[in-house]
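Descriptive structure summary
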Amino acid sequence: MKIAFIGGGNMAAALIAGLAGKLVPGANIHVVDPNAAALEKLSREHGVTVAGATGAEVAQAEVIVLAVKPQSMREVLHQLLPQLQAAQNAGRTPLVLSIAAGIRAADLSRWLGGYGAIVRTMPNTPALIGMGVTGMVASAGVSAQQREAADQIMKAVGGTVWLDNESLIDPVTAVSGSGPAYVFYFIEAMQQAALEMGLTAEQGTQLAIATFTGAAQLAAQSTEPVSVLRERVTSKGGTTYAALTSMEESGVKAAIVKALHAAAARGKELGEQLGAAD
């Protein structure tokens, strides 16, 4: 499989690190980015071919990964269109795989002249250490083979969750795309409390991060619902009970649920804004 990346930023670099020499040889990966330093690093570390602008190498790819900022997408696709047309004229239909937040598949297709082989994804930042999770949805023009290729590519940086309806990408964005920030926010609160109660900053950080890591792994490895795991830590009248009772009285769970709804609504709004017609 030949893969072209349009964009060589952090998420693209994480994917390339997971793919090169594993799913495909580094030489089968082509990266386009105006940042010469980023290209030099990717070429040196992974043996990929690079270019500062879209060219014939992109037209030869079976998968084209769109890894640019959402605000730049329309201009990038305008530059990409001739390469896609060249591929189609040669009897090939490359898969276009977008990892850009907010841009809907219908808008990608429209900017590409009605192109149909598009998979839209929503990865998250733990992909940078190979522990991400990506929501994915395929357009009607995507073949079973292309869907499998998309799945393999995104599994290079973590798990995948396929969706039947693109409208569910906004909830995925709210839960997992933005989710790492919620975890960091909670860790910050635990660190602050640790300091206020007399622990050092280093001790509070170590305890908070280790607790999150361990609890998450316990939840991942357990066959029981997280509600049961929570109940097992919560003895009536004990310290955990006191903390959770305080959270319930402060409406913490309701506030978190409300926040995720706000994130999903903003994702939908951004999609509409970014995809607005000229």
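The structure this text deals with has already been given above.
Basis of the calculations
- Residues numbered from 1 in each chain as written.
- Predicted model: local features only at pLDDT ≥ 70, side-chain atom pairs only at ≥ 80, totals over all residues.
- Heavy atoms only, no water.
- Helix = DSSP H or I, 4+ residues; strand = E, 2+ residues; numbered from the N terminus.
- Buried < 20%, exposed > 50% of the residue type's maximum accessible area, 1.4 Å probe, protein only.
- Contact = heavy atoms within 4.5 Å.
- Areas by Shrake-Rupley, 256 points an atom, 1.4 Å probe, with all protein chains shown as cover.
- Lys, Arg positive; Asp, Glu negative; His and termini not counted.
- Charge placed at Lys NZ, Arg CZ, Asp CG, Glu CD.
- Core = buried A, V, L, I, M, F, W, Y, C linked by side-chain atoms within 4.5 Å.

Within the protein chain, the secondary structure is distributed over 12 helices and 8 strands. Burial status across the protein chain gives 36% buried among its 278 residues. Across the protein chain, contacts joining residues at least 24 apart in sequence account for 62% of those joining residues at least 6 apart. When the accessible surface of the protein chain is split by element, carbon and sulfur atoms take 58% of a total near 15,000 Å². The protein chain carries 19 positive and 22 negative side-chain charges, and their two centres are separated by 3 Å.

This part is about the environment of Ile6. Turning to its location among the elements, Ile6 is positioned in strand E1 (residues 3–6). You can call Ile6 buried: its relative accessible area is 5%. In this structure Ile6 touches Val32, Thr54, Val58, Ile64, Val65, Leu66, Ala67, Val68 and Val76, once residues within four positions along its chain are discounted.

Grouped together as the largest cluster of nonpolar side chains are 30 residues, with contacts concentrated most on Phe5, Ile29 and Leu97. Elements supplying a minimum of two residues to this core: E1, helix H1 (10–19), strand E2 (29–32), helix H2 (36–46), strand E4 (63–66), strand E5 (95–98) and helix H6 (144–154). Considering every element that reaches this core, the biggest residue donor is H1, with 6 residues. For Leu97, the residues in contact, after removing those within four places along its chain, are Val63, Ile64, Val65, Leu66, Val119, Thr121, Met136, Ala150, Ile153 and Met154. Ala61, Val68, Leu80 and Leu84 belong to the second largest nonpolar core, which has 23 residues in total.

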